[in-house]
Amino acid sequence: RVHGEVIFWLDWIDRVFAILFIMELAFKFGACGPTILFTKRFAIESVISLAGLASSLASLAAAGRREFGALLALRVLRCARLPMGTRHFDSLVATIGDLGPALKSLLPLIIIVFYVAAAMGMALLGGKLTRDNPCLNGTAYAGANYFGNNFNDLGSTMVTLFELLVVNNWFVFMDAGVAVTSKWIRIYFIAYYMASVWVAANIFVAFTIDAVNSKLAKLDEKAQNTVAEAPDRRPSGSETE
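Now for a description of the structure that goes with this document. (Residues numbered from 1 in each chain as written. Predicted model: local features only at pLDDT ≥ 70, side-chain atom pairs only at ≥ 80, totals over all residues. Heavy atoms only, no water.)

Attention now goes to the overall build of the protein chain. Each helix and strand counted, the protein chain has eight helices and zero strands in total. Listing each helix as α and each strand as β along the protein chain from the N terminus yields α-α-α-α-α-α-α-α. Residue burial in the protein chain is summarised as follows: out of 241 residues, 28% are buried. Across the protein chain, every contact between residues at least 6 apart in sequence was considered, and the portion connecting residues at least 24 apart equals 65%. (Helix = DSSP H or I, 4+ residues; strand = E, 2+ residues; numbered from the N terminus. Buried < 20%, exposed > 50% of the residue type's maximum accessible area, 1.4 Å probe, protein only. Contact = heavy atoms within 4.5 Å.)

Positive phi, close to 55 degrees, is recorded for Val167, a residue that is not glycine. Residue position: Val167 is located in the loop between helix H6 (154–165) and helix H7 (170–180). Phi at Asn169 is positive, roughly 50 degrees, even though this residue is not glycine. Tracing the backbone through its elements, the reader meets Asn169 in the loop between H6 and H7.

Turning next to the environment of Met23. Looking at where Met23 falls in the secondary structure, it is placed in helix H1 (residues 2–32). Placed 26 residues apart in sequence, Met23 and Ser49 show a C-alpha to C-alpha distance of 9.9 Å.

Ranked by size, the top nonpolar core spans 26 residues in total, and within it Tyr141, Leu161, Phe189 and Tyr192 carry the most contacts. Among the elements of the structure, helix H4 (87–125), H6, H7 and helix H8 (186–229) are those that each provide at least two residues to this core. Here this core gets seven residues from one element, more than from any other, and that element is H7. Beyond its immediate stretch of four places on either side in the chain, Tyr141 contacts Leu129, Leu136, Tyr146, Phe147, Asn149, Asn150, Val172, Phe173 and Ala176. (Core = buried A, V, L, I, M, F, W, Y, C linked by side-chain atoms within 4.5 Å.)

Structural data, given as structure tokens:
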């Protein structure tokens, strides 16, 4: 009973806030005029607020059913308004945009590394990292129940390689490979580690750091130019005679 009452009041509070959001949009339109309709921020807020109001009204008309409840979650995106307009947020967005050309040249390298490593992994370890393989008994791989992360098919291999890329228990997979094959399988894991982590991942990090530093340098230069171009606003009588 208590749970039902809480849900009832939360639903009504949600509808009240949906109406307040629509009123906010109306006040902004009345204060700023039709030109605000062409701003990106107002368009995003309008879509989110109208979707929330529509879902609230639909839920009310449907006697509390939540077929449209997913639309209510869209209003959480309004939290993105908080950092908008700040220097650091603008720098972050601009930096992500500047990473586009770098990623365009780096992405083919990552795809090639993943595909070659996947093909070799399936050839060397395909069908061997399974529950019914007695060679895995007592290994950390079996103890952690990592059997879903294997090299038995392309999809599972890609997931496993991504886990190795972020160095998630890298040694566990290598030891499991040694258990089902031989110690020479370490060459495969070490080669993939060097190609993916040392080369591809570090290049991506370097691109990111370079883009951030470049953007911050441009912002500092712009701020210094603005200060230098600002007129001297000191009163004329303040000068010492």
